[in-house]
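Residues per chain are reported as follows:
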Amino acid sequence: MFKKRFFALSLVLVSFLFSFSFGQSGSGAVEKGKPLDSFKGMEKDITEYTLPNGLKFIILERHEAPVVSFCTYANVGSNNEVTGITGISHIFEHMAFKGTKKRPTAIEIASLVDGAGAESNAFTGKEFTGYYIKSAAHRVELSFDILSDMLANLLLDAKEIEK
């Protein structure tokens, strides 16, 4: 069921946010319950699910290409940092690519992503940090496994942090 349901997706947004709040009120932030400008006209194609733990899935199906993208947003960015630990959001962003319990090296993660013909990256903003992976639709399970592993099981190796 999972594979069939998501096979033809071209974009899947997985969001840790309970609402779209990518900025401060009055600064161009998206208001709760209103679609992002880039999705205007596609509202009927967006489906939202919220798991019992509060994790919100926002799914936008597009059938123009057999591609799937997972993008995860954590509601933390440079504006959440305090003196003495500035840059910590960006460090955690990079550490996700350095190794996990299941894939202990950056080379192992990169080789798996590249070998699948996929692409992954991340970015840290002032209000949120985002991680994504994009692959051919038939690689949906592998792509989801890689991204979720990077976020849930990242290794915090002191040597890597010092770099």
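Residues numbered from 1 in each chain as written. Predicted model: local features only at pLDDT ≥ 70, side-chain atom pairs only at ≥ 80, totals over all residues. Heavy atoms only, no water.

### Topic: the packing of aromatic side chains
Here is step 1: Taken as a whole and assessed by the stated rule, the structure comprises 4 aromatic pairs.
Here is step 2: Geometrically, the ring pair formed by Phe123 and Phe128 is edge-to-face, given 6.1 Å between the ring centres and 85° between the ring planes.
Here is step 3: Feature note: the residues Tyr73, Phe123 and Phe128 constitute an aromatic cluster, connected by ring pairs. (Phe/Tyr/Trp six-rings, centres within 6.5 Å; stacked < 30°, edge-to-face > 60°.)

### Comments concerning the nonpolar core
Side chains of a nonpolar character, in soluble globular proteins, are inclined to be buried together.
Here is step 1: Residues Phe70, Val113 and Ile133 are the most contacted members of the largest nonpolar core, which totals 14 residues.
Here is step 2: Contributing elements (two or more residues each) for this core: β4 (67-74), α3 (106-115), β6 (129-136) and α4 (140-152).
Here is step 3: Tallying contributions element by element places α4 first for this core, with 4 residues.
Here is step 4: Dropping the residues within four chain positions of it, Val113 is found in contact with Ala118, Glu119, Ser120, Ile133 and Ile146. (Core = buried A, V, L, I, M, F, W, Y, C linked by side-chain atoms within 4.5 Å. Buried < 20%, exposed > 50% of the residue type's maximum accessible area, 1.4 Å probe, protein only. Helix = DSSP H or I, 4+ residues; strand = E, 2+ residues; numbered from the N terminus. Contact = heavy atoms within 4.5 Å.)

### Describing the pairing of strand β5 (residues 119-124)
Put simply, side chains in a regular strand alternate between the two faces of the sheet.
Here is step 1: Pairing of β5 with β6 involves 6 bridges; the strand directions are antiparallel. Along β6, the bridge assignment pairs Thr124 with Thr129.
Here is step 2: The hairpin turn running from β5 into β6, its antiparallel successor, is 4 residues long. (Pairing = 2+ DSSP bridges.)

### Considering the side chain of Asp149
Here is step 1: Within the secondary structure, Asp149 is located in helix α4.
Here is step 2: Separated by 2.9 Å, the side chains of Asp149 and Arg103 make a polar contact.
Here is step 3: In this structure, Asp149 is in contact with Thr100, Lys102, Arg103 and Leu154, ignoring residues within four places of it in sequence. (Polar contact = N/O pair within 3.5 Å; in protein donor to acceptor, adjacent residues only side chain to side chain.)

### What about the pattern of salt bridges?
Here is step 1: Scanning all chains against the criterion turns up 5 salt bridges.
Here is step 2: Ionic pairing is found between Arg103 and Asp145, a salt bridge with its closest N-O pair at 2.5 Å. Placement of the pair is Arg103 in the loop between α2 (88-95) and α3 and Asp145 in helix α4, with a sequence separation of 42 residues.
Here is step 3: The buried category is assigned to Arg103, whose relative accessible area is 6%.
Here is step 4: Salt bridges sharing common partners tie together Lys102, Arg103, Asp145 and Asp149. (Salt bridge = Lys/Arg side-chain N within 4 Å of Asp/Glu carboxyl O.)

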